[in-house]
Structures are given as structure tokens and as C-alpha cells.
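# Summary of structural features
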Amino acid sequence: MNRYTASMKNPSIVEEPSTAARQPDAAESLLGRWRSVAPRLLRALGAGVLVASLSVFLFQNWDDTSDLGRFGLLLGQTALLMAAGFACARYMQEPKGARIFVAIALVAVVANFAVLGGLLWSRQATSSSWIVAATIAGLVVLWPISRIGFMVLARHSARSLIWVFFAGTAILLVPVRDAVPAALLAGTATAVTVWMSRRLLPRDPALRSPEGIFSLLLPLVPVGVIIGRGILFYSNAALLATTGAAVIHVVLREAALQCRDAGWRSFLEKVSAAVAVLIGIGVMAVAAETGWLAPGSLLPIGSVVTGSLLIELSWRSKHGADGNRLAGASVIALAMAANALLFDGLALAALALVVGIAVAVYGFVERQAWLLAPAAVAGLTGLGSLVCYAADRVEIGAWGILALVGISAVVAGSFIERVDFARCLGLWRAHSAD
């Protein structure tokens, strides 16, 4: 009688599995982890190398006679990437690698348009007939590649996305060599992309997947190219850098509004706050570089931009709304106070006082007592500066501003006492709800 027959006749006689059979040893466990991690690492490495190879074509100056040859090489690489994706899906039955090849091929389409734009407007272009032939050949190859790519990544929204994508890549063909038109093109393309995303997301839930998010962001790749090349090669780089920061802020805002995960949304909002600071600094840099504004106006303009963005962020944020509101009000109020101390001028002192009063009123309306601290700093700084002007220099303007502020304060106190703001606010909310 063998062991299996004995165990069937007598259930108490059951062979215990060995320890090695129940639990793999350390080498087998390490091999299992490696087999699960290695494919992802290799795919990520391969995608990074391919994007790096495409960056050679995306960011370079177009003053060489070999542009036509480079365009042919890049066009062949794009077709090869799409063919590799098809082969990976058809013969290896491996969809993840196939989708990576398709995604990189779509990025390569942007690189093709960048090279084609440089080819069209290069001063050393060889022949107009060759350029026309290259353009026609490029469109014949790139249109079906783009169509197949969007059908793979976002099937239900492919028709709309491909038109937005080609419209975005078309800005790379516009002959701009100045920061202002480049910034206008980038802003227009971003607005169109955001508008289309808001239309497609409610109708196609699949766009919330990683492939769908990538498809929605693809039309912004040409925006990044035109901004990046403008910073490298054009004058007034501060304007394009600020435009790039504004584009990032808009993308982060839309992503946070659409994000359903609380942790990711909080992270996106924190990054938005940091980008808002960069935008304010960029606005000051642009104003200083172009000489549009006096030095005493730079800090107020930059603080108002950053503070307004932070306050807008507090209205839509799920976490940290109070902190963003305090940060926004503090940036505006403290910057106005510092500006009044650094630069002489009746207008700057009066502006600090007005901002302090406005922040205090905002704190009362929002029932946020901690907003009174930055309001007091700005208001007292402006008031003190005005008193000094009126007393030391017998400035009629300063005296008149002080008188006007005093009268306005008394009238405002009487008005507040007479009006039932709680009732008015309730009526307004009821009307808004209706």
C-alpha cells in the first residue's frame, strides 16, 4: 500500500508538506520580487531614453543645412516606434510595452512638427520644392500614426483629441521669434486644451485612467516646446518663464478639481501654492525687464498676483483652506507695508492703508480673526506714513487722504450698524440657490 492509498483509507495518515514546499527560500523570494519589478524598471528606462533622444530634436537652433536629413531620420524613428508597439501587442501579447511605444510615438509626432517648423522657416533651407515634399510626406505619415495612437490610448474620445492635438502641434509651425507672440500662442493652446478636457471628462470616464490622462496632456507638449525653445533662444525669457508657470498652475488647478483622491488633491494644491509664488516673482521680473512699471510698483503687482491666486486656491481647496487664505492675505498686506517703507510716495502709503482696511473687512466677512494681524500691519504702516507726510511736509494730498479716510471710516461704521448683513447674506444665498 503506498502512502496515497493509505492516506485515503486512513485520513489521520496525511503526509505533511515539507517546509521548502510551503515557503519559498530567500533566493526564490528575491527572484520573484525581481521578476515583478524588473519589467517596470526596464520599461521606464527605455521610455526615458527614447524621450531623451527626441529632446535632441525638440530643443535646438535651426541654422544648419542638414535640417532635411534630420527630419527624415526623425520621421523614420516615429514610424519605427509605432511599428514596435504593434509588434509588441501582436506577437508578444504584451500590452504594457505596446502602450509605451505608442505613447512615445505620439511625443515623437510633436518632435516632427518642431523640426518641420524649423525647416519651413530656416534661413538656410535648401529648396522650397524639397520642403513642400517633406511637409506632405510628414503629414501622410504622422496623421495615421496619431490616429492609431489615440485610438489605442483613448478610444472613445480619439476623434476630438486628435484634432486638438494637431491644432496644438500647429503652433510649432508659426514663424515666431519673439517672446510676446510665443506667450500668446502658448496661452491660447492651453485654454483650448482645458476647454476640451472639461467637455470630454464628464462623457468619457476612461479618460481618468493613466492612458487617458496622458492623452489629455499631450496637446500641452507643444506648449512646453515653444516655451522651452523661447527661453533658450529668444529675448525676454522672463515673460516665457512666467507663462510656463501660469500654464502649470492652470493644469494643476484642473487636475485638482478633477481628482477624487484626497491625498493627491492635497498634494496638487500644495504644488499650486508654490507655483503661485513663482508666478508673482515672474510678473515682477517681467515688469522690471521691460521697464513698464516704476520700481515702487513691482512689489505691489507681484504680491497682488500671488495673493489673489492663493485666495482663489483657498476657495476651492478641501484641505488647508484657512492656511491658503491667511497666506494670500498676508502676502498682499505685508508686501504693501514693506513697499510703503522702502519707497516714498503718497500713493504707496495710501495703497497700504486701503489694503489694510480691505483685508480687515475681508477677515470680518469671512469670520477669520487671524486675518486682522496682516491687516493691522499694512493699515498702520500706511496710516503712519500718511501722518508723517501730513505733519512733516504739510502735504495737502496727505492731509486730504487722511480726512477722506476718517470720514469714510465713520460713515462705514454707521452703515455697518444700520445694515443687517447676516440677513442680507442669507437672502443672497437663497437667491443664488434658486
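Everything that follows concerns the structure shown earlier in this document.
Because the structure is predicted, anything quoted here is derived from the model rather than measured. As a convention, each chain's residues are numbered from 1 in the sequence order in which they are written. Under the rules for a predicted model, residues below a pLDDT of 70 receive no local features and side-chain atom pairs below 80 are neither given nor counted, while totals for whole chains, interfaces and linings still include all residues. To get the side-chain values, all heavy atoms of the structure are used, and hydrogens and water are removed first.

## Describing the overall build of the protein chain
Within the protein chain one finds 18 helices and 0 strands. Looking at the 434 residues of the protein chain, the share that counts as buried comes to 39%. Any pair of residues with heavy atoms lying within 4.5 Å of one another is described as a contacting pair. Looking at the protein chain alone, contacts between residues at least 24 apart form 69% of all its contacts between residues at least 6 apart. Accessibility throughout is a Shrake-Rupley quantity obtained with a 1.4 Å probe, and a residue counts as covered only by protein chains that appear here. Carbon and sulfur atoms form 69% of the exposed surface of the protein chain, whose accessible area is close to 24400 Å². Helix and strand definitions follow DSSP, with helices as H or I runs of at least four residues and strands as E runs of at least two, each counted in order from the N terminus. Burial classes: relative accessible area under 20% of the type maximum marks a residue as buried, over 50% as exposed, and values in between as partly exposed (1.4 Å probe, protein chains only).

## So, the environment of Ile-332
With respect to the helices and strands, Ile-332 occurs in helix H14 (residues 321-342). For Ile-332, a relative accessible area of 13% translates into the label buried. The spatial distance from the C-alpha of Ile-332 to the C-alpha of Val-305 is 8.6 Å, given a sequence separation of 27 residues. Residues within four places of Ile-332 in sequence aside, it is in contact with Ser-303, Val-304, Gly-307, Ser-308 and Val-355.

## Side note on a nonpolar patch on the surface
Two distance rules govern patches: like charges are joined within 9 Å, and nonpolar side chains (Val, Leu, Ile, Met, Phe, Trp, Tyr) within 5 Å, applied only to residues with over 30% relative accessible area and no salt bridge. Salt bridge, as used here: a side-chain nitrogen of Lys or Arg that lies within 4 Å of a carboxyl oxygen of Asp or Glu. Together, Leu-42, Leu-45 and Val-49 give the surface a local cluster of nonpolar side chains, amounting to about 310 Å² of exposed area. In this structure, Leu-42 sits in helix H3 (residues 26-58).

## Observations concerning the side chain of Thr-193
As for its placement among the helices and strands, Thr-193 is situated in helix H8 (residues 179-200). Residue classification places Thr-193 among the buried residues on the basis of a relative accessible area of 5%.

## Things to note about the packing of aromatic side chains
The rule is short: rings of Phe, Tyr and Trp, with Trp giving its six-membered ring, pair when the centres are within 6.5 Å, and they are stacked under 30 degrees, edge-to-face over 60, tilted in between. Tallied over the full model, the rule gives 6 aromatic pairs. A ring pair is formed by Phe-113 and Phe-166, whose centres lie 5.4 Å apart and whose planes are at 90 degrees; its orientation type is edge-to-face. One end of the pair, Phe-113, is in helix H5 (residues 95-120); the other, Phe-166, is in helix H7 (residues 158-170), with 53 residues separating them in the sequence. By relative accessible area, which is 4% here, Phe-113 ends up buried. Looking at Phe-166, the relative accessible area reads 13%, which means it is buried. Between Trp-264 and Phe-267 the ring centres are 5.8 Å apart and the planes differ by 85 degrees, which places this aromatic pair in the edge-to-face class. In this pair, Trp-264 and Phe-267 both sit in helix H12 (residues 262-290), 3 residues apart, roughly one turn of the helix. Judged by relative accessible area, which is 46%, Phe-267 ranks as partly exposed. An aromatic cluster is defined as three or more aromatic residues linked by ring pairs; in this entry it consists of Phe-113, Trp-143, Phe-150, Trp-163, Phe-165 and Phe-166.

## Here's the deal with H8
Multiplying 1.5 Å by the residue count of a helix minus one yields the expected span of that helix. A rise of 1.5 Å per residue sets the reference length of H8, with its 22 residues, at 32 Å; its end C-alpha atoms lie 31 Å apart and thus fit the reference within 8%. Taken together, the buried positions of H8 are Ala-179, Ala-182, Ala-183, Ala-186, Ala-189, Thr-190, Thr-193, Val-194, Met-196, Ser-197 and Leu-200. Taken around the axis of H8, the buried residues stretch over an arc of 165 degrees, which confines them to a single face. Residues of H8 that are buried in the fold lie against H7, helix H9 (210-217), helix H10 (221-233) and helix H11 (237-258). Between the side-chain oxygen at the start of H8 and the backbone nitrogen of Val-180 there is a gap of 3.3 Å, and the oxygen is on Asp-178. What the arc describes is the spread of directions from the helix axis to the C-beta atoms. Within 3.5 Å is the distance limit for a polar contact, defined as a pair of N or O atoms, with the added protein rule that one can donate a hydrogen and the other accept it, and that residues adjacent in sequence qualify only through two side-chain atoms.

## Brief notes about the pattern of salt bridges
Counted by the stated rule, this structure contains 7 salt bridges. Across the pair Arg-253 and Glu-254 runs a salt bridge whose closest N-O atoms are separated by 3.5 Å. A residue is classified by how much of its surface remains accessible, and Arg-253, at 24% relative accessible area, is partly exposed. Overall, Glu-254 belongs to the buried group, its relative accessible area being 13%.

## Looking at the packing of H11 against helix H13 (residues 295-316)
For the pair H11 and H13, interaxial distance at closest approach is 12 Å and the crossing angle is 10 degrees. Between H11 and H13, the angle is such that the two are roughly parallel. In this structure, H11 uses His-249, Arg-253, Ala-256 and Leu-257 to contact H13, whose residues at the interface are Leu-309, Glu-312 and Arg-316. Note on residue categories: nonpolar means Ala, Val, Leu, Ile, Met, Phe, Trp, Tyr, Cys or Pro, charged means Asp, Glu, Lys or Arg, and polar means any other residue, Gly included. The residue inventory of the contact of H11 with H13, partitioned by class, reads 3 nonpolar, 1 polar and 3 charged. Angles here are taken between N-to-C directions and fall from 0 to 180 degrees, while the axes themselves are lines fitted to C-alpha atoms, restricted in helices to the stretch in contact. Roughly parallel here means an angle under 35 degrees, roughly antiparallel means over 145, roughly perpendicular means 65 to 115, and every remaining angle is called oblique.

Purely geometric stuff here, so don't read any function into it on its own.
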